[in-house]
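Reading the structure
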Amino acid sequence: MTTTHTHPRPTIDRLVQYGALAFFALTAALFVWQIVLALNGLPAALLLLTVLTMALLTAPALWLTTATPAVELTGDGLTLHPLIWRAHSIDWDEIRAVKPYPLLPEAQGERMRKAFVGRRKYVPAKGVMLVVPSLPWIYRFTGFFAGEGLTPVIALTNRTHTDYDRLIKSVRARTAEVWV
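Everything in this summary refers to the structure shown in the same document. (Residues numbered from 1 in each chain as written. Predicted model: local features only at pLDDT ≥ 70, side-chain atom pairs only at ≥ 80, totals over all residues. Heavy atoms only, no water.)

With that settled, the discussion passes to the overall build of the protein chain. A tally of helices and strands in the protein chain yields 5 helices and 7 strands. Across the protein chain, helices and strands are ordered from the amino to the carboxyl terminus as β-α-α-β-β-β-β-α-β-α-β-α. Dimensions of the protein chain, computed from C-alpha atoms along their principal axes, come out at roughly 60 × 40 × 30 Å. Here the protein chain holds 180 residues, and 38% of them are scored as buried. When contacts within the protein chain are restricted to residue pairs at least 6 apart in sequence, those whose partners lie at least 24 apart make up 65%. (Helix = DSSP H or I, 4+ residues; strand = E, 2+ residues; numbered from the N terminus. Buried < 20%, exposed > 50% of the residue type's maximum accessible area, 1.4 Å probe, protein only. Contact = heavy atoms within 4.5 Å.)

Spelled out as structure tokens, the structure:
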């Protein structure tokens, strides 16, 4: 049986994804501008500092585009459907580990969110990350920020995937031996 789990708020998801892509494009344009400045006398030390700063800022932007893609589960595996990048299929045996996703906010750190949505409607963030070494390089940003080094990772969370409980139950049934 095939199930699809997309972002519960697609408009917000599109805004974040395309905003991150726009930031990345702007950074690339600024990089070209820096080369022009360097050719016109910008000191090399200043050029190096600004290039390094921009490189450090682009990593989180790219991470936003791959961290929690929409997923489609089938009997053979799952297919990632990121908004910007190509779809990618993963066989169940390609998943090396399923771990708690460390980049989610702690419940005690979400006082503003509780106040905004109301204490009765507030649901703490839950999520897992799938460690999948066979994923393309772009997924390495999520692995890096989640503490997995440069190993590709995707996350499944109750805030970024519809029918989260069913999704996790299905993933657990097929990957029980690699849950950490």
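Following the structure, the description resumes.
If you look at the biggest cluster of nonpolar residues, it comprises 23 residues, and the most contacted ones within it are Leu78, Ile95, Leu130, Ile154 and Leu156. Contributions of two or more residues to this core are made by strand 2 (70-73), strand 3 (77-81), strand 6 (127-131), strand 7 (153-157) and helix 5 (164-175). Per-element accounting of this core gives the leading share, 4 residues, to helix 5. Setting aside chain neighbours within four positions, we find Leu156 in contact with Val71, Lys126, Gly127, Val128, Leu130, His161, Tyr164, Leu167, Ile168 and Val171. (Core = buried A, V, L, I, M, F, W, Y, C linked by side-chain atoms within 4.5 Å.)

A separate point is the pattern of salt bridges. Across all of its chains, the model carries 4 salt bridges by this definition. Here Lys126 makes a salt bridge to Asp165, at a shortest N to O gap of 3.5 Å. Of this pair, Lys126 sits in the loop between helix 3 (111-117) and strand 6 while Asp165 sits in helix 5, and the two are 39 residues apart along the sequence. Note on Lys126: relative accessible area 39%, which makes it partly exposed. Residue Asp165 is classed as exposed on the basis of its relative accessible area of 55%. Residue Asp163 is joined to Arg166 by a salt bridge in which the shortest nitrogen-to-oxygen separation is 3.7 Å. According to the relative accessible area criterion, Asp163 is partly exposed, its value standing at 41%. (Salt bridge = Lys/Arg side-chain N within 4 Å of Asp/Glu carboxyl O.)

Reading across from one edge, 5-6-7 is the order of the 3 strands in this open sheet, with antiparallel pairing throughout. Two strands lie at the open edges of the sheet, namely strand 5 (97-100) and strand 7, each paired on one side alone. Ignoring which end each strand starts from, the neighbouring axes of this sheet average 25° apart. In this structure, strand 6 lies alongside strand 7, joined through 5 bridges in antiparallel fashion. (Pairing = 2+ DSSP bridges. Axes fitted to C-alpha atoms, helices over the stretch in contact; angles between N-to-C directions.)

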